[in-house]
Amino acid sequence: MEQLRLEPINKVNGSVTLPGSKSLSNRILLLAALAKGTTVVENLLDSDDIRHMLGALKQLGVQVSLNDDKTVATVQGVGGQFLTPAEPLFLGNAGTAYRPLTAVLAAVKGDYELVGEPRMEERPIGHLVDALQALGGDVSYLKNKDYPPLKIVGGQINGGDVEIDGSISSQFLTALLMAAPLFNGDTNITIKGTLVSKPYIDITLDVMARFGISVTHDDYKTFTVKGAQQYQAVERIMVEGDASSASYFVAAAAIAGGEIEIKGVGAKSVQGDIGFAKVMEQVGAKIDWYDERLVVRKGQLKGVDIDANAIPDAAMTLATVALFADGPTAIRNIYNWRVKETDRLHAMATELRKVGAEVVEGEDFIEITPPKHFNDVAIDTYDDHRIAMCFAMVAVGGKPITINDPKCTYKTFPTFFNVLASVSQ
Ligand SMILES: O=C(O)C1=C[C@@H](OP(=O)(O)O)[C@@H](O)[C@H](O)C1
Ligand SMILES: C=C(OP(=O)(O)O)C(=O)O
């Protein structure tokens, strides 16, 4: 297995330009494909999750041309007229490809099979399938009930009133919302349970609006989407920098001496994970806010007790910042960490303990007391890009660490360790 040795970093300094947002890239590609006309997407993320969406669109007969560094895509929208692919669509472990494609393909003519990596077969999708079936969609399980892989006989969905459980993943509601304009009639969606990861719904509504579709909602409890609508191509659309990827550099500047300018997200970001920078201000980071960038400096870091339901991805970075705070940190309301790339609650607790922290792993929270002594260990990454990236903070805090299988960052941030090296001293 490949390992990356990270020697202690004394100071960080410089400027980082973020790669495009994963969440925005995959939403924009899918809506551009569904639209009529040509959309040019700029600052597209080049990573595994996006490659899986691009691969699926190609199999569906959508023409997408990429520039040399794969950050500009020209998408020839097919107006919802997809080809039936000869082979199953392989979507890796990309939730932002698997879930929206499931809903959209249930609503357009054709036969489809959606498959993924072994971990994808352990990530539940029953709440989305229940809602699609209740609307008359022909979606069935190829192996285990409530889990991928899926078989879909796409066709006409009439719309109507439907409930969707929002308590495990917001991506199910995102998927239903993105597909609903393709249904024949209007759809009224009621959320069952408490909606998790709510800010991701704002990303969905924002992207849908850019492609000409408006959705009304009553404080995120019920949503109404008009049926039989066509997405409209957007001449040029720019993908914001990835706010979750920004979290590592916000944290690095807060932990080490020096200053990092982070270009691509700021006060105007549509991504909820920008909220991580607000949390880091509570922790003690010094941040200057601009519309589309942040400038971050070190502060005296203290432990905090936060509800991280709105920022599940960036909150993992807080768990390693906690190693350098002057008291315990509690991260709460994060049950769905357990159904992501790995059981993140258990994996983070295990690896933080290896480093020397005292950790309480609750069913839906984690409490971290900083180590008295840091152990120089090899961190297992469980095929989880965020574990690899957030444990790099140990080196930023001046302690050596080894990261096992560092290429797992390719899911969302293939150049992560190079970018970190570029600001490390
Ligand atoms: O809609 C999205 O783009 C995402 C929603 C979140 O998932 P959940 O809603 O499952 O928490 C997040 O963790 C994921 O990385 C991306
Ligand atoms: C949970 C994540 O990914 P996915 O979109 O596959 O859910 C993530 O990127 O942290």
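Residues numbered from 1 in each chain as written. Chains lettered and ligands numbered in written order. Predicted model: local features only at pLDDT ≥ 70, side-chain atom pairs only at ≥ 80, totals over all residues. Heavy atoms only, no water.

An unreviewed UniProt entry lists the protein under the name 3-phosphoshikimate 1-carboxyvinyltransferase, from Pseudoalteromonas prydzensis.

J.: Mind laying out the packing of helix H1 (residues 22-34) against helix H2 (residues 48-59), listing which residues take part and the relevant values?
T.: It is the contact of H1 with H2, at a shortest axis distance of 9 Å, that shows an interaxial angle of 10°. The pairing of H1 with H2 is recorded here as roughly parallel in orientation. Of the residues in H2, those in contact with Lys22, Ser25, Asn26, Leu29, Leu30 and Ala33 of H1 are Asp49, Ile50, Met53, Leu54 and Leu57. Its residues assigned to classes, the contact of H1 with H2 comprises seven nonpolar, two polar and two charged. (Axes fitted to C-alpha atoms, helices over the stretch in contact; angles between N-to-C directions. Helix = DSSP H or I, 4+ residues; strand = E, 2+ residues; numbered from the N terminus. Parallel < 35°, antiparallel > 145°, perpendicular 65-115°, else oblique. Contact = heavy atoms within 4.5 Å. Nonpolar A, V, L, I, M, F, W, Y, C, P; charged D, E, K, R; others polar.)

J.: Run through the pattern of salt bridges, naming residues and quoting values.
T.: Summed over the entire model, instances satisfying the criterion amount to 25 salt bridges. Residues Arg338 and Glu361 are paired through a salt bridge, measuring 3.1 Å at the closest nitrogen-oxygen approach. Taken together, the residues Arg338 in the loop between strand E19 (329-332) and helix H10 (344-355) and Glu361 in strand E20 (residues 358-361) connect sequence positions 23 residues apart. Taken together, the shared-partner salt bridges connect Asp49, Asp313, Glu341, Arg344, Asp384, Arg386 and Lys411 into one network. (Salt bridge = Lys/Arg side-chain N within 4 Å of Asp/Glu carboxyl O.)

J.: Could you give an account of the sheet that holds strand E17 (residues 293-297), naming the residues involved and the relevant values?
T.: Strand order in the open sheet made by the four strands is E2-E15-E17-E16, with mixed pairing throughout. With partners counted over all chains shown, the strands left at the sheet margins are strand E2 (11-17) and strand E16 (286-289), one partner each. On average, adjacent strands in this sheet sit at an angle of 10° to one another, irrespective of strand direction. The pairing of E16 with E17 spans four bridges and is antiparallel. Bridge pairing links Trp289 to Leu294 in E17. In this fold helix H7 (residues 243-255) packs onto E2, strand E15 (257-263), E16 and E17, with an angle of close to 160° to the strand it touches most, E15. Relative to the sheet, helix H8 (residues 275-283) contacts E16 and E17, its axis offset from that of E16 by approximately 140°. (Pairing = 2+ DSSP bridges.)

J.: An account of the site of ligand 1 is needed here, citing residue identities and associated values.
T.: Taken together, Lys22, Ser23, Arg27, Thr96, Ser169, Ser170, Gln171, Ser197, Tyr200, Asp313, Asn336 and Lys340 make up all the residues around ligand 1. Interatomic distance of 2.7 Å between a side-chain N/O atom of Arg27 and an oxygen atom of ligand 1. A distance of 2.9 Å is found between an oxygen atom of ligand 1 and a side-chain nitrogen or oxygen belonging to Asn336. If ligand 1 stood free it would expose 390 Å²; the protein chains cover 95% of that surface. In terms of residue count, the dominant contributor to the shell around ligand 1 is H1 (three residues). Class assignment for the residues of the shell around ligand 1 results in one nonpolar, seven polar and four charged. (Near = heavy atom within 4 Å. Polar contact = N/O pair within 3.5 Å; in protein donor to acceptor, adjacent residues only side chain to side chain. Areas by Shrake-Rupley, 256 points an atom, 1.4 Å probe, with all protein chains shown as cover.)

J.: Any chance you could break down unusual backbone geometry for me, citing the residues and the numbers?
T.: The peptide bond linking Pro148 to Pro149 adopts the cis configuration, its omega dihedral lying at 0°. For Pro149, the location among the structural elements is in the loop between strand E8 (138-141) and strand E9 (150-154).

J.: Give a detailed account of the packing of aromatic side chains, specifying residues and quantitative values.
T.: For the coordinates displayed, the defined rule picks out seven aromatic pairs. Considering the side-chain rings of Tyr248 and Phe416, the 5.4 Å spacing of their centres and the 70° angle between planes classify their relative orientation as edge-to-face. Of the two residues, Tyr248 sits in helix H7 while Phe416 sits in helix H12 (residues 416-422), which places them 168 residues apart along the sequence. In this pair, the class of Tyr248 matches that of Phe416, namely buried. Across the ring face of Trp289, the terminal group of Lys278 is positioned such that the distance to the ring centre comes to 4.5 Å. Across from the ring centre of Tyr290, 3.9 Å away, lies the NZ or CZ of Arg293, which sits over that ring. (Phe/Tyr/Trp six-rings, centres within 6.5 Å; stacked < 30°, edge-to-face > 60°. Buried < 20%, exposed > 50% of the residue type's maximum accessible area, 1.4 Å probe, protein only. Lys NZ or Arg CZ within 6 Å of the ring centre and 35° of its normal.)

J.: I'd like to hear about the site of ligand 2, residue by residue, with values.
T.: Neighbouring ligand 2 are 14 residues, the closest being Lys22, Gly95, Arg123, Arg386 and Lys411. Between ligand 2 and the protein, one listed contact pairs an oxygen atom with a side-chain N or O atom of Glu341 at 3.0 Å. Contact with the protein chains removes 98% of the 290 Å² of surface that ligand 2 exposes when unbound. For the shell around ligand 2, the secondary-structure elements that each account for two or more residues are helix H3 (95-107) and helix H11 (385-396).

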